[in-house]
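# Breakdown of the fold
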Amino acid sequence: GASDATERLVPLTQFELATRLSYLIWASGPDDALLDAAERGELHVAWQPIVSVANGRDVGAEALARWTHPVLGAVRPDEFVAIAERVGVIGTLGNWVLEQACQYIARWRAIAGDDFVGFVNISTRQLADARFDDEVLDRVHRAGLPPHALGLEVTETAAMDDLQRAIATLDA
């Protein structure tokens, strides 16, 4: 009876418990968790410095989106970007990163000088959006940046999905 069930209970290590809890949360709706992550303060932008080989000075930085879930901890970018693409919020996520990046770039240029350039990764869906070039310019201008202070990085895969559209958007 009841004693048999009790005897079969095996204590879980903290790691096993965290792993099972993580799986339950992830399996029950990472899409929903990501949708409100920015509003809950779980998203942030990390920066990868770009250093000049010629003189060793920082000449720029690349903005990298990061998500720290309150239970799961750090969620790998390849996981949450795939979720954002699947549920159709990659544009929202990308625009949030772009907004944050422009604000940081403006502050860094005030300290590091006008040669400092910030780079942001963009997705295929952002490139396909006819309003994307206007959204980029709007954020650049609101931050008080000249357009050349922001670089956009497109993966080869993203650019090749719709090469002509990518070229037209980047030329704009």
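Look up a bit, the structure's there.
So, here's what we can say about the structure. Just so it is clear, the structure is predicted and the values come from calculations on it, not from any experiment.

## Let's talk about the overall build of the chain
Counting secondary structure elements, the chain contains 9 helices and 5 strands. Counting helices and strands in the order they occur from the N terminus, the chain gives α-α-α-β-β-β-α-α-β-α-α-β-α-α. For the chain, with 172 residues in total, the buried portion stands at 31%. Relative to all contacts within the chain whose residues are 6 or more apart in sequence, the contacts with residues 24 or more apart total 65%. Taken as a whole, the chain presents about 10600 Å² of accessible surface, with 56% of it coming from carbon and sulfur.

## Side note on the packing of aromatic side chains
Scanning all chains against the criterion turns up 5 aromatic pairs. An angle of 45 degrees between the planes, with centres 6.1 Å apart, marks the rings of Tyr104 and Trp108 as tilted. Of this pair, Tyr104 and Trp108 both sit in helix H5 (residues 90–112), 4 residues apart, which is roughly one turn of that helix. We classify Trp108 as partly exposed; its relative accessible area is 27%. What links up through ring pairs into an aromatic cluster is the set Trp47, Tyr104, Trp108 and Phe116.

## Looking at the side chain of Ser123
Along the chain, Ser123 falls in the loop between strand S4 (117–122) and helix H6 (124–128). Given the relative accessible area of 9%, Ser123 is considered buried. Excluding its chain neighbours within four sequence positions, the residues that come into contact with Ser123 are Glu85 and Ile90.

## Observations concerning the pattern of salt bridges
Overall, the coordinates contain 7 salt bridges when judged by the stated rule. The partner of Arg109 in a salt bridge is Asp114, with the nearest N and O atoms 3.8 Å apart. Overlapping salt bridges, with partners in common, bring together Glu99, Asp138, Arg139 and Arg142 in one network.

## Describing the nonpolar core
Trp67, Ile105 and Leu150 are the most contacted members of the largest nonpolar core, which has 32 residues in total. Elements supplying a minimum of two residues to this core: helix H3 (30–35), strand S1 (43–51), strand S2 (58–69), helix H4 (77–87), H5, S4 and helix H7 (132–142). The element that contributes the greatest number of residues to this core is H5, accounting for 7 residues. If we ignore the near neighbours within four places in the chain, the residues touching Ile105 are Trp47, Phe116, Gly118, Leu145, Ala149 and Leu150.

Conventions and cut-offs
Residues numbered from 1 in each chain as written. Predicted model: local features only at pLDDT ≥ 70, side-chain atom pairs only at ≥ 80, totals over all residues. Heavy atoms only, no water. Helix = DSSP H or I, 4+ residues; strand = E, 2+ residues; numbered from the N terminus. Buried < 20%, exposed > 50% of the residue type's maximum accessible area, 1.4 Å probe, protein only. Contact = heavy atoms within 4.5 Å. Areas by Shrake-Rupley, 256 points an atom, 1.4 Å probe, with all protein chains shown as cover. Phe/Tyr/Trp six-rings, centres within 6.5 Å; stacked < 30°, edge-to-face > 60°. Salt bridge = Lys/Arg side-chain N within 4 Å of Asp/Glu carboxyl O. Core = buried A, V, L, I, M, F, W, Y, C linked by side-chain atoms within 4.5 Å.

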